[in-house]
Every structure is written in structure tokens, then in C-alpha cells.
Amino acid sequence: LHHQSKAVLVVVPTVSLQMDMVRRSRSFGIEAVDQCADWDRGTILFATPELIDTTRFHQTLSGLCSSEAVGRVFLDEAHYYFSHGQSCKSGSVAGV
């Protein structure tokens, strides 16, 4: 999961799971964040659908993608996001 030179995005369905994943990752010495401002190369961002629907997230992702700094994107419970389409929480998760 962790790639030393690239940023990693993991979209999880709930804030509580997001917080738990950040805490657990850090306990293993893995750089993990839950805020876009802290997301950079070699860091895992655990995000919720609500977070990825913000302007700040889109700007950060665009910057990292333009410099080819995003290594992987994971959608936890991906079937949920795609089967619920626009009714899924913020509505834009399928556009990731």
C-alpha cells in the first residue's frame, strides 16, 4: 500500500474509519493524514466522500497529478459508491 515516492489516496466511507486508519497507520510508522493541506509525496491521505467533494481537495489532487506524484487510489467499499451514484453522500465519489 505505501509507496515511498508517491502520494496514495484511500477513500473510506466514514469519518470514524478515516480517523482509525490514520491512527493505525501512524502506529506502524506510516505517514498518514486526513487533511488535504498535509498531503504530499510519500503520504497516505485517508479521505471521506465529503472531503473529496471540496475545492481544496480538487486543487491538491490536480497539483499532485500534474507532477505525477499520485501513485495509487483506493476506494474502500467501491461497490457502494458506484451503485448509489449521485445519491451517495456528497454525490461526486464516482468522479474520482
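The residue numbers shown here count from 1 along each chain, following its written sequence. With the structure being a predicted model, the display of local features is reserved for residues of pLDDT at least 70 and the display and counting of side-chain atom pairs for 80 or more, all residues being used for whole-chain, interface and lining totals. Calculated side-chain values reflect all of the structure's heavy atoms, with hydrogen atoms and water omitted.

### Thoughts on the environment of Val 8
Next up, step 1: Every helix listed is a DSSP run of H or I at least four residues long, and every strand listed is a run of E at least two residues long, numbered separately from the N terminus. One can find Val 8 in strand 1 (residues 7-11).
Next up, step 2: Linking Val 8 and Trp 39, residues 31 residues apart in sequence, is a C-alpha distance of 8.9 Å.

### A look at the nonpolar core
Next up, step 1: What is meant by a nonpolar core is a set of buried Ala, Val, Leu, Ile, Met, Phe, Trp, Tyr and Cys residues, joined one to another through side-chain atoms within 4.5 Å. Here's how the labels work: a residue is buried when its accessible area is under 20% of the maximum for its type, exposed when over 50%, partly exposed in between, all with a 1.4 Å probe on protein chains only. Membership of the largest hydrophobic core comes to 15 residues, with the highest contact counts inside it found for Leu 9, Trp 39, Leu 45, Ala 47, Phe 57 and Leu 64.
Next up, step 2: Counting residues per element, the ones that place at least two in this core are strand 1, strand 3 (44-47), helix 2 (49-52) and helix 3 (55-66).
Next up, step 3: If near-sequence neighbours (up to four positions away) are discounted, Leu 45 is found in contact with Val 8, Leu 9, Val 10, Val 33, Asp 34, Gln 35, Cys 36, Trp 39, Leu 51 and Phe 57.
Next up, step 4: Counting residues in each nonpolar core, the second largest holds seven residues, with Val 10, Val 12, Ala 32 and Phe 46 among its members. By definition, residues are in contact when any of their heavy atoms lie within 4.5 Å.

### Quick notes on the side chain of Thr 43
Next up, step 1: Mapped onto the elements of the fold, Thr 43 is located in the loop between strand 2 (32-33) and strand 3.
Next up, step 2: Classification of Thr 43 by relative accessible area gives buried; the value is 4%.
Next up, step 3: Leaving out residues up to four positions away in the same chain, Thr 43 has contacts with Lys 6, Ala 7, Val 8, Glu 31, Ala 32, Val 33 and Asp 38.

### What about the pairing of strand 3?
Next up, step 1: Of the two faces of strand 3, both are covered, the one formed by Ile 44 and Phe 46 as well as the one formed by Leu 45 and Ala 47.
Next up, step 2: Bridge count between strand 1 and strand 3: four bridges; the pairing is parallel. For Val 11, the partnering residue across the bridge sits in strand 3 and is Ala 47.
Next up, step 3: For strand 2 and strand 3, the ladder comprises two bridges, and the chain directions are parallel. The residue bridging Val 33 from the neighbouring strand is Leu 45, located in strand 3. In this description, strands pair whenever DSSP reports at least two bridges between them.

### Digging into the confidence of the model for the chain
Next up, step 1: pLDDT is a residue-level measure of predictor confidence that goes from 0 to 100. With 78% of its residues at a pLDDT of 70 or more, the chain shows a mean pLDDT of 80.
Next up, step 2: When pLDDT is averaged over each helix and strand of the chain, the minimum, 67, is found for helix 4 (residues 78-84) and the maximum, 94, for helix 1 (residues 15-27).
Next up, step 3: Segment residues 86-96: pLDDT under 50, and 22 contacts once partners within four positions in sequence are set aside and those in other chains are kept.

### Brief notes about the sheet that holds strand 2
Next up, step 1: The strand order 2-3-1-4 describes an open sheet built from four strands, whose pairing is parallel. Each edge of the open sheet is held by one strand with a lone partner, namely strand 2 and strand 4 (70-75).

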